[in-house]
Amino acid sequence: MMALMNPAEYAFEQAVMAVRGNRRQDALDMLAEVVRLKHDHADAWSLRARMEADAGRAFNAVLHHGIATQLAPDRYDMWCNRGIDCASAKLFAESEGSFKKSLALKDSFEGHYNYANLLCAMMRIDEAVEHYQAAARMEPSHAQLNANLGISLIAQDKWLEGFAAYRHRFNAPGFPPRPRFNYPTWRGEPISGKTILLYVEQGFGDEIQSLRFAKTMQDQGARVILSVRPPMFRLARNFAYADAVIIQYDEPPWQPDYMMALLDVPGVIEINPNTVPLKGGYLNIEDQGFRLSFPPDALKVGICWVSGQRPDQSSVFDISKQKSLSFSQFAPLARAGVKLVSLQ
């Protein structure tokens, strides 16, 4: 006679199936039943933690994973997940301790990769690179890992290696969106006398900073078409180093021979921090007669507090939360002699 499944395990399997079927409330009900039947079921507590994290309740997730790791202290995966939850709750010391515990139990890709993400958030770039490289030895083709490693190498001024790795972002799920153009990608072929369409695929800050690379292509003898998003069009059309500026996905005025993302130019041209163009400024705006009035001795501070939400890139939502803060947190800057200017 076949043995019957333990009631708690049966309820847990039902909860897992409900999660896979996107039946959240059914899953929660079944997990509550699991814990009622077997209060020390570590996987049930861990799954509840994951559901809390998915619902955006990071602190609840930390609490649930705290119980799970107490019940199963030798599970490296639970410690790793607790580290992720702690990082989302901005409990960075707790997060670091969890990742170290996870890696002490098992030298895993997940441990190195997520610990590196935390170290980046804490601006400990050299350590982050070490852990990204350790993860890359385990999964060398992981797109998001390579993109994150690229950003970190760029921060170390290793632009050639960094921009080469950063190109993997196009294979990362949902980030960035694929260009709708279908012209050949420029990979360093002779470009003099050719037309290249340079397009944007990151946030506005990246877009503004990378416009300068259009000059690099003009210096190579190319005719440059800049493709920008609508909010950037008025600023970009006054940029002196483009032969034409179009709104994203509009038809170009000339048939391009090649296309390329603006942020891929440095990797192909092998630009480095010492050779980056237009260090002295390159943006102009139309004078429409509008002026802000400040006392002559005021210190003018421009502030932004919310990162872009990019509706076509849902995968950046968590990153945006990490880079955003509340407007009230600027209150200590609002002191005598300081004038805050919203750039939001």
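Okay, the overall build of the protein next. Looking only at helices and strands, the protein has 15 helices and six strands in total. Projected onto its principal axes, the C-alpha coordinates of the protein cover approximately 80 × 55 × 35 Å. Of all 344 residues assigned to the protein, the portion counted as buried reaches 42%. Partitioning the contacts of the protein with sequence separation of at least 6, the portion at a separation of at least 24 is 60%. Entry remark: accessible area of the protein is about 19,300 Å², with carbon and sulfur atoms responsible for 53%. Put simply, the protein has 37 plus and 38 minus side-chain charges, and the middle of one group is 4 Å from the middle of the other.

Here we take up the packing of helix H1 (residues 7-20) against helix H3 (residues 42-54). At a closest axis distance of 11 Å, the pairing of H1 and H3 adopts a crossing angle of 20 degrees. In terms of orientation, H1 lies roughly parallel with respect to H3. At the point where H1 passes H3, the crossing takes the left-handed sense. Of H3, the residues touching H1 (which contributes Phe12, Val16 and Val19) are Asp43, Ala44, Leu47 and Met51. Split into classes, the residues belonging to the contact of H1 with H3 amount to six nonpolar, no polar and one charged.

This part covers the pairing of strand E1 (residues 195-199). For E1, the buried fraction is high: five of the five residues fall into the buried class. Neither face of E1 is open: one carries Thr195, Leu197 and Tyr199, the other Ile196 and Leu198, and all of them are buried. With five bridges joining them, E1 and strand E2 (residues 223-228) adopt parallel strand pairing. Pairing of leucine 198 across the sheet is with leucine 226, part of E2. In this sheet, strand E4 (residues 258-261) lies alongside E1 in parallel orientation, the contact comprising four bridges. Within the sheet, the bridge partner assigned to leucine 198 lies in E4 and is methionine 260.

Before going further, it helps to examine the layout of surface pockets. For the second largest pocket, the calculated volume is near 320 Å³. Phe170, Thr185, Arg187, Tyr199 and Asp264 are the residues nearest the centre of the second largest pocket, which is lined by 16 residues in total. Counting residues per element, the lining of the second largest pocket draws most heavily on E4, which supplies three residues.

This next bit is on the side chain of histidine 112. Along the chain, histidine 112 turns up in helix H7 (residues 109-121). If we skip the residues at most four places from it in the chain, histidine 112 touches Leu103, Asp107, His131, Ala134, Ala135 and Met138.

A few words on empty space enclosed by the protein. For the structure on display, the rule yields one cavity of 30 Å³ or more. Here the largest cavity defines a volume of roughly 50 Å³. Forming the walls of the largest cavity are Tyr199, Val200, Glu201, Gln202, Gly203, Asp206, Glu207, Ser210, Leu262 and Leu263. If you tally residues by element for the lining of the largest cavity, the top one is helix H11 (residues 204-210), at three residues. Its residues assigned to classes, the lining of the largest cavity shows four nonpolar, three polar and three charged.

Attention shifts here to the sheet that holds strand E3 (residues 244-247). Two orientations exist for strands paired in a sheet by backbone hydrogen bonds: parallel and antiparallel. The strand order E3-E2-E1-E4 describes an open sheet built from four strands, whose pairing is parallel. At either margin of the open sheet sits one strand with a lone partner, and together these are E3 and E4. The average undirected angle you get between the axes of adjacent strands in this sheet is 25 degrees.

Conventions used here
- Numbering of residues starts from 1 in each chain and follows the order in which that chain's sequence is written.
- Local features in this predicted model are restricted to residues of pLDDT 70 or higher, and side-chain atom pairs are both shown and tallied only at a pLDDT of 80 or more, whereas totals for entire chains, interfaces and linings draw on every residue.
- Side-chain figures throughout are based on the complete set of non-hydrogen atoms in the structure, without hydrogens or water.
- The helix count covers DSSP runs of H or I at least four residues long, the strand count covers runs of E at least two residues long, and both are numbered beginning at the N terminus.
- Categorising residues by exposure relies on relative accessible area from a 1.4 Å probe, with only protein chains included: less than 20% of the type maximum marks a residue as buried, more than 50% marks it as exposed, and the intermediate range marks it as partly exposed.
- The contact definition used throughout considers only heavy atoms, calling two residues in contact when any of these lie within 4.5 Å.
- The method behind every accessible area is Shrake-Rupley, applied with a 1.4 Å probe, and residues are considered shielded solely by the protein chains displayed.
- Only four residue types enter the tally: Lys and Arg on the positive side, Asp and Glu on the negative side, with His and both chain ends excluded.
- Charge positions are represented by NZ for Lys, CZ for Arg, CG for Asp and CD for Glu.
- To get an axis, a line is fitted to the C-alpha atoms, and for a helix only the part in contact is used. The angle between two axes follows their N-to-C directions and goes from 0 to 180 degrees.
- An angle below 35 degrees is treated as roughly parallel, one above 145 as roughly antiparallel, one from 65 to 115 as roughly perpendicular, and anything else as oblique.
- The crossing is said to be left-handed when, going from far helix to near helix, the turn is anticlockwise and less than a right angle, and right-handed when the turn is clockwise.
- As a working rule, the residues Ala, Val, Leu, Ile, Met, Phe, Trp, Tyr, Cys and Pro are called nonpolar, Asp, Glu, Lys and Arg charged, and the rest polar, with Gly in that last group.
- A pair of strands is considered paired only if DSSP assigns at least 2 bridges between the two.
- Grid points spaced at 1 Å and placed over the protein atoms alone form the basis of the search, with a cavity being a set where a 1.4 Å probe fits but cannot get out and a pocket an open set showing protein on both sides within 12 Å along at least five of seven lines. Lining residues have an atom within 4 Å of a point.
- Grid points are joined across faces, edges and corners, and a volume is the space filled by probe spheres set on the points.

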